[in-house]
Amino acid sequence: MQQYSSLPDQNSQIDATPKLLTTIQQLRAKLWLESSLNQLQNRLNHYLLSACNNVLQAEAAESEVLQAVVNEINSVMNSTNLALTDYAVGIAMFQPQETVATVSYVSRSPSQNSQPLFIDVLTAEKKLLLRLQEVIELKDLQQLENQQPPSAWRLADDSGSVMGWLIIAAAPLSSDRESLIESKAQLRSQLMSRSANYCTTALVQLRHILSWQQQYQQLSNSNQELERTNQLKNQFLANTSHEIRTPLSSIIGFTNLLLAPGYEPTIERQREYLNIIQSSGKHLLALINDILDLSKIEANQLEVQWECVDVPLLCSNVLALVKEKAANKDLRLCLEIDPDITTLVADSLRLKQMLLNLLFNALKFTSKGSVGLQVVAKGISVHFTVWDTGSGISQEDQTQLFEPYFQIAKAVAGGAEGTGLGLAVTRKLAQIHGGSVKVESEVDSGSRFTLVLPLQQEAGAGIDKRDEGDEEAKYSSSLLPFIPSSSVDVLLVENDLPNADLMQIYLRKLGYQVTWVKNAAEMWEALTQLDPAVILMDVYLPDGNGLNLVRQLREHEQYQTIPVIVQTAMAMKGDRETCLTAGVNDYISKPIDLPLLASLVAKYSKPPI
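Residues numbered from 1 in each chain as written. Predicted model: local features only at pLDDT ≥ 70, side-chain atom pairs only at ≥ 80, totals over all residues. Heavy atoms only, no water.

Once that is clear, we can look at the overall build of the chain. Helix and strand content of the chain: 16 helices and 21 strands. Looking at the 609 residues of the chain, the share that counts as buried comes to 42%. Sequence separation of at least 24 residues holds for 68% of the intrachain contacts in the chain that already meet a minimum separation of 6. (Helix = DSSP H or I, 4+ residues; strand = E, 2+ residues; numbered from the N terminus. Buried < 20%, exposed > 50% of the residue type's maximum accessible area, 1.4 Å probe, protein only. Contact = heavy atoms within 4.5 Å.)

Right, let's get into the pattern of salt bridges. Between side chains of opposite charge, a pair can form as their charged atoms come close. Scanning the model with the defined rule gives eleven salt bridges in all. Arginine 43 is paired through a salt bridge with glutamate 72; the nearest N and O atoms lie 3.0 Å apart. With arginine 43 in helix α1 (residues 2-53) and glutamate 72 in helix α2 (residues 58-78), the pair connects residues that are 29 residues apart, well separated along the chain. With a relative accessible area of 30%, arginine 43 lands in the partly exposed category. Judged by relative accessible area, glutamate 72 falls into the buried class, the value being 5%. (Salt bridge = Lys/Arg side-chain N within 4 Å of Asp/Glu carboxyl O.)

For the rest of this paragraph, the subject is the pairing of strand β6 (residues 152-156). Extensive coverage of β6 is indicated by the burial of four of its five residues. Of the pairings in the sheet, the one linking β6 to strand β7 (residues 162-170) comprises five bridges and is antiparallel in character. Bridging from a neighbouring strand, alanine 156 pairs with valine 162 of β7. Once β6 ends, the chain turns through five residues before running back antiparallel as β7, passing glycine 160 with a positive phi of about 95°. (Pairing = 2+ DSSP bridges.)

Let us now look at the sheet that holds strand β9 (residues 332-337). A sheet is described by the order of its strands in space; here five strands give the open sequence β9-β11-β12-β14-β13, paired in mixed fashion. Single-partner strands in this sheet number two, and they are β9 and β13 (436-441). This sheet shows a mean twist of 15° between the axes of neighbouring strands, independent of strand direction. As judged from the eight bridges shared by strand β11 (residues 370-378) and strand β12 (residues 381-388), these two strands associate in the antiparallel manner. Bridged to valine 376 within β12 is histidine 383. Docked against the sheet, helix α6 (residues 311-328) engages β9, β11 and β12, running at close to 175° with respect to β9. (Axes fitted to C-alpha atoms, helices over the stretch in contact; angles between N-to-C directions.)

On to a nonpolar patch on the surface. On the surface, a cluster of nonpolar side chains totalling about 220 Å² of accessible area is made up of Ile244, Leu248 and Ile252. One can find leucine 248 in helix α4 (residues 178-259). (Patch = residues over 30% accessible without salt bridge, like charges linked within 9 Å, V, L, I, M, F, W, Y side chains within 5 Å. Areas by Shrake-Rupley, 256 points an atom, 1.4 Å probe, with all protein chains shown as cover.)

A few words now on the packing of helix α5 (residues 267-298) against helix α10 (residues 422-432). The geometry of α5 relative to α10 is characterised by a closest axis approach of 10 Å and an angle of 40° between their N-to-C directions. Considering the angle they form, α5 stands oblique to α10. Two packed elements cross with a definite hand, and for α5 against α10 that hand is left-handed. Contacts between α5 and α10 pair Asp290, Asp293, Leu294, Ile297 and Glu298 from the former with Val425, Lys428, Leu429 and Ile432 from the latter. (Parallel < 35°, antiparallel > 145°, perpendicular 65-115°, else oblique. Left-handed = near helix turned anticlockwise from the far one by under 90°.)

A word on the packing of aromatic side chains. The final tally for this structure, using the stated rule, is three aromatic pairs. Summarising the aromatic geometry, the rings of phenylalanine 254 and tyrosine 273 are spaced 5.0 Å apart at their centres and angled 35° between planes, so their arrangement reads as tilted. Linking phenylalanine 254 in helix α4 with tyrosine 273 in helix α5, this pair joins segments that are 19 residues apart in sequence. Relative accessible area serves as the criterion here: at 22%, phenylalanine 254 is assigned to the partly exposed category. Seen in terms of ring centroids, phenylalanine 402 and phenylalanine 449 are 6.4 Å apart; in terms of plane orientation they differ by 70°. Their pairing is edge-to-face. Here phenylalanine 402 is found in the loop between α8 (395-398) and α9 (409-413), whereas its partner phenylalanine 449 is found in strand β14 (residues 447-454), with 47 residues between them in sequence. The burial state of phenylalanine 402 is the same as that of phenylalanine 449; both residues are buried. Just above the ring of phenylalanine 402 sits the side chain of arginine 427; from NZ or CZ to the centre is 3.9 Å. Across the ring face of tryptophan 516, the terminal group of lysine 518 is positioned such that the distance to the ring centre comes to 5.3 Å. (Phe/Tyr/Trp six-rings, centres within 6.5 Å; stacked < 30°, edge-to-face > 60°. Lys NZ or Arg CZ within 6 Å of the ring centre and 35° of its normal.)

On to the sheet that holds strand β16 (residues 512-517). Strand pairing in a sheet relies on backbone hydrogen bonds. The paired strands run either parallel or antiparallel. The strand order β16-β15-β17-β20-β21 describes an open sheet built from five strands, whose pairing is parallel. Of all strands in the sheet, those with a lone pairing partner are β16 and β21 (586-589), marking the two edges. The average angle at which neighbouring strand axes cross in this sheet is 20°, direction not considered. Note: strand β20 (residues 564-568) against β21, four bridges, orientation parallel. Pairing of valine 566 across the sheet is with tyrosine 587, part of β21.

Attention now moves to the confidence of the model for the chain. Detailed reading of predicted coordinates is not advised where the pLDDT is low. The pLDDT averaged across the chain works out to 79; a share of 81% of its residues lies at or above 70. Segment residues 1-14: pLDDT under 50, and zero contacts once partners within four positions in sequence are set aside and those in other chains are kept. This model gives residues 459-481 a pLDDT under 50, and the stretch forms 45 contacts once residues within four places in sequence are excluded. (pLDDT = per-residue confidence, 0-100.)

See below:
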C-alpha cells in the first residue's frame, strides 16, 4: 500500500517537468522579446538624437527611421528560431485621402534562393505580393490587420491619421507540435505589434523635432535678416548723414560768409558763393529724390510714362549735363551711337536718370583718360554701355555693387560722394522697363556698365505722351514768356516765412501783385477785400488743412472758378491725384522750382480768349 500510495507523488514530479520546461521557455521568450524591443528602441533613440543634433531633410530622416525598424526586426528574427521559415518584413506608406498604400521598405530573410513572398488575405481568399513599390489597397490592409494572427499593424500619428502599415509575410511554420507553431506565431505577433508602436512613437517625435528645427531655422533666418537690415540702416544713416552734412556745410558756411559784418566780396565772388550754395542745394534734393525713388520702387508705386524717345537727342542732352564735371577733371567725353537707332519706347526721364547715374559713377572713379557712352542695337534690344578708363572694380565688390546703400570701401576712404543708392535705383528702373544692367570690370583696367532695354514694350504698355498729370516735367524745361500787362492779384497762403518771401519776391519781380496770408482765418478775411486771379495754397497750415480749404472754397459760388495751385512737400505717388480730387487746378512740390511756378501762375492767370 505504501508503494501504491507513493506512485502518485512520483507521477506528479514527472508531470511537473514539462510544465517547468514550458515556463522556462516562456520566460526565455519574454526575455528575448524585451531584449529585442530594447535593442530596437535604442536604435530609434540614436536616430532621434542624431536628428536633434543635425539639420536633416524630413523625407530622408523618416526614411532612415523606417528602414531601421525593418532592418532591426529582420535582425532579431534571424537571431532566434522564429526565422526557421522564409519571411519578409515591409512598410507600406499611406497618404491621406488615398485608397492605396505603397510598399516602400522591405527586408528579406537571408535564406538561399528565396522567392518573393505572398501575404494571405484570408477573408478575401487572395494573396498579396510583398515587394518594393507594390501597391496594396486600403481594404486589404484592414483585412490583414483584423485577421488572426494579424499580418499588418497600422502606424498612426497623434491625431489618429494613418501614416503607413508594418507588414510581415511568412511561409507557414512547419513543426510536429501544433502548440509550438501557435506559440511562435504569438511571439512573432507581439514583436511586430510592439515594434509598430515604437515606430509610430519615433515617427511622431521625429516630426516634432523636424518642425522645431524648421521653426528654429525660420527664426534664425529672420534674425539674420533683421541684423542685416539693421546694419544696412546704420550704414545708410551714416552715409546719408555724411551726404547731408557736406552740402549743408557749404550752404551754411558761404551764407554766413556773405552775411558776415564788414565782409564785402566782389560781385564775381558773390556769384561764385551763390553758385556753390545752389549746387549744394541741388545735391541735397538729388539725395532725397534717390531715397524717394527707391522707396516707390520697393512699394511698387513708381509710375512709368511710356513714350517714343529720340535716342540720339536724349544721349546728347545727357552728355551735356555731365560735360562740366568731366572738364573739371580734364577727362574726355565720347559718344558713339549706332546710326540705325533712332527711337525707343521708354520713360524718357527715367532713361535719362539711369544714364546719368552710370555716367556720374564713371566720372567719380576716373581720374585720367576718358569716359564714354556707346549705344548699339542687338536683336530686339538696345545696349547703352557707359565705359571708363578708371580704377576698376574688384570681383568681390561687383557681387554687392547693386545692393542698396553699398559703397566701395576705397571710394569711401577717398572721400567720394554718394549714398550707394544710384546703382540700386538704376537696376530696378531697368527691370521695370523689362531690361537689365550688367557690369564688366577689372581693377586698374576701367569698367563697362551696360544698360539693356527692349526696343518695344510689351503689348498693353502703350505709348503715352505725358499728360496733364506731369506738369512739372512739361514746364520745368521751358518758361512760358508771359508777363502780365497790368497788375494781376495773386493770393499766397503760406505758413513758412522763407518760402513765402521767396515766392513773393520772385512773383513781384515778374509784375504780379502778391498778397500773403499765413493761415486759413487770414485767407477768408483777405477774400472779402480781394478778387485774386490765382490762389497759391500751402497744404499744411497751423489752423487747417489746405485741401480742406480748397473744398470749402469750391462750395462757395463766388470762389468756384478761381484757379488754385497747391505748393507742398507731398511728393509720393498719389499725392498729386489727392490734391486734384480736392478741387485743385495744379500742383507743385517743394523745394519750389521758380521757373515752373512762374509758368503755372502765368497759365492760370491769363484772361480767357
